[in-house]
Amino acid sequence: MIKAFKYRLYPNTAQVRELEIMLETHRRLYNECLAQRKERYETAQESVKYTQQSAWFKSARGANDWYARLNFSSAQATMRRLDKAFQAFFRRIKTGDKPGYPRFKARGRFDSWTYPAHGDGARLLDGKLRLQHIGVVRVRQHRPAQGTIKTVQIKIEAGKWFVIASCEIGDAPPPRTEDTAVGIDIGLEHFLSTDQGEQVDNPRYQKEALRRLRVVGRAVSRKKKGSRNRGKAVSKLRSIHARVSNKRRDHHHKVARDFVSRYAFIAAESLTVKNMVRNRRLSRSISDAGWSQFLNILRAKAESAGSVFVEVPPQGTSQACSGCGAVVRKALSVRQHRCPECGLSLQRDVNAARNILARGQARMEPVWLNVAH
Ligand SMILES: [Zn+2]
């Protein structure tokens, strides 16, 4: 099973220039190879093979400095890409479809190149991407790639650079058959609440660390810019941040492991932090909880254990009654759900978690029924 992981790249100015040159060189190679094929087809009705172009390129790079700077395998991948376009063209001729001769790629219409073997010209490791002739580019690896990286693609989208790692993640695990399902509500009071009333508390260390961060932060701003003491205070600040984020990740892994071990079906609300953070007073506790990181970890663990993981839109899950569906409007400060229609009284978050579970199961019905029966 192949799974792709896409991460944003943060190249420095010099690297941006190099990336642009590399993309442009790949584009020119693509177009030059297309021109060769076009000419041969028009003059002799013959097709040029990929292997012929690969051999031509080998000698061409001796005379062309731009081509010489391309990683050989990645250049081959670009020529293969053209070859694929031609194969599709010939296929369409055979089937009588509109043939659509492969086109020259204008600037801006060619947005990527590929390294077909990880480690040959490109290596992604620990938040860094090492590219031949470019150097080490910073990567924002919001969630780790799983399995073994096979190919690496570099892509530009709307002026932003990305790396896409295609990974072999092994056989998909067999789906679990136990009838164990859980709905999870994102809490403010608690880290999370389940439909069964289980609650995991918010990790408190960040609150404690926050106090220290404030003290050290003030120390930083008191010290003179560029001074040695300021440098010391800044690195202290950084190390507190790093410690907090490590602890938080550990906590997320622990909770996710526990849930995946117990449940074959997990429904959680898809996180729209933007909506929640609008209330500024809440924003601190939300970022404390680091929900999106937790959901990523939970999803990855569920997938590799054969559990079903669904995210459902959270709209209305706290207002609707999980007993009868009536809408029971309540402010955020009201922590208890009391339904005037059916008399259900539940903790607010637990009611929401029940709605989330129901929504997730409704959404997954066909699959879920197969799994359950
Ligand atoms: Zn009700």
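Just so it is clear, the structure is predicted and the values come from calculations on it, not from any experiment. (Residues numbered from 1 in each chain as written. Predicted model: local features only at pLDDT ≥ 70, side-chain atom pairs only at ≥ 80, totals over all residues. Heavy atoms only, no water.)

S.K.: Could you clarify how one ought to interpret empty space enclosed by the protein in this entry?
M.R.: Over the atoms a probe the size of a water molecule is rolled, and this reveals where empty space is left. Counted according to the given criterion, the structure contains two cavities of 30 Å³ or more. Taken as a whole, the largest cavity encloses approximately 50 Å³ of empty space. Around the largest cavity sit Glu18, Ile21, Met22, Thr25, Trp66, Arg69 and Leu70, which together line it. It is helix 1 (residues 13–44) that provides the largest number of residues to the lining of the largest cavity, a total of four residues. Residue composition of the lining of the largest cavity, grouped by class: four nonpolar, one polar and two charged. (1 Å grid on protein atoms, 1.4 Å probe; cavity = no way out; pocket = protein on both sides within 12 Å on 5 of 7 lines; lining within 4 Å. Points joined across faces, edges and corners; volume = space filled by probe spheres on them. Helix = DSSP H or I, 4+ residues; strand = E, 2+ residues; numbered from the N terminus. Nonpolar A, V, L, I, M, F, W, Y, C, P; charged D, E, K, R; others polar.)

S.K.: Would you take a moment to explain the layout of surface pockets for this structure?
M.R.: Its boundaries defined by the atoms lining it, the largest pocket holds a volume of some 680 Å³. Together, 20 residues line the largest pocket, and Gln141, His142, Arg143, Arg249 and Gln293 are the ones closest to its centre. Tallying contributions element by element places helix 9 (residues 291–305) first for the lining of the largest pocket, with seven residues. Formed jointly, the lining of the largest pocket draws a minimum of three residues from each of two domains, domain 1 (2–168) and domain 2 (181–372). (Domains from an automatic or database assignment.)

S.K.: Help me understand the UniProt feature "domain: Transposase putative helix-turn-helix" (unreviewed entry) in the chain, please; the structure alone is not making it clear to me.
M.R.: Mapped onto this numbering, the UniProt entry annotates "domain: Transposase putative helix-turn-helix" (unreviewed entry) at residues 1–43. End C-alpha to end C-alpha, residues 1–43 measures 44 Å, and it is 72% helix and 21% strand. (UniProt positions renumbered as here; feature names shortened; annotations may be inferred.)

S.K.: Can you help me understand the pattern of salt bridges in this one?
M.R.: Side chains that differ in charge, positive against negative, can pair when their charged atoms come close. Taken as a whole and assessed by the stated rule, the structure comprises 16 salt bridges. The residue Asp258 makes a salt bridge to Arg262 at a minimum N-O spacing of 2.9 Å. A residue pair is termed a helical-turn pair when its members lie 3 or 4 positions apart in one helix, as Asp258 and Arg262 do in helix 6 (residues 228–262) at four residues. The class of Asp258 is partly exposed, set by a relative accessible area of 32%. (Salt bridge = Lys/Arg side-chain N within 4 Å of Asp/Glu carboxyl O. Buried < 20%, exposed > 50% of the residue type's maximum accessible area, 1.4 Å probe, protein only.)

S.K.: Would you mind going over the packing of aromatic side chains with me for this structure?
M.R.: The geometry of an aromatic ring pair is captured by two quantities: the separation of the ring centres and the angle between the planes. Taken as a whole and assessed by the stated rule, the structure comprises 17 aromatic pairs. Taking 6.1 Å as the distance between ring centres and 35° as the angle between the ring planes, the aromatic pair formed by Tyr41 and Tyr101 counts as tilted. Of the two residues, Tyr41 sits in helix 1 while Tyr101 sits in the loop between helix 4 (72–95) and strand 2 (112–115), which places them 60 residues apart along the sequence. Residue classification places Tyr41 among the partly exposed positions, given a relative accessible area of 27%. Judged by its relative accessible area of 24%, Tyr101 is partly exposed. Ring centres of Trp56 and Tyr67 lie 6.2 Å apart, and the angle between their planes is 80°; this geometry places the pair in the edge-to-face category. Taken together, the residues span a long stretch of sequence, with Trp56 in helix 2 (residues 50–63) and Tyr67 in helix 3 (residues 65–68) at a distance of eleven residues. Three or more aromatic residues joined by ring pairs make a cluster, and in this case those are Tyr41, Phe86, Phe89, Phe90 and Tyr101. Directly above the aromatic system of Phe162 lies the positively charged group of Lys6, at a separation of 4.7 Å from the ring centroid. The ring of Phe259 carries the charged tip of Arg262 above its face, separated from the ring centre by 5.1 Å. (Phe/Tyr/Trp six-rings, centres within 6.5 Å; stacked < 30°, edge-to-face > 60°. Lys NZ or Arg CZ within 6 Å of the ring centre and 35° of its normal.)

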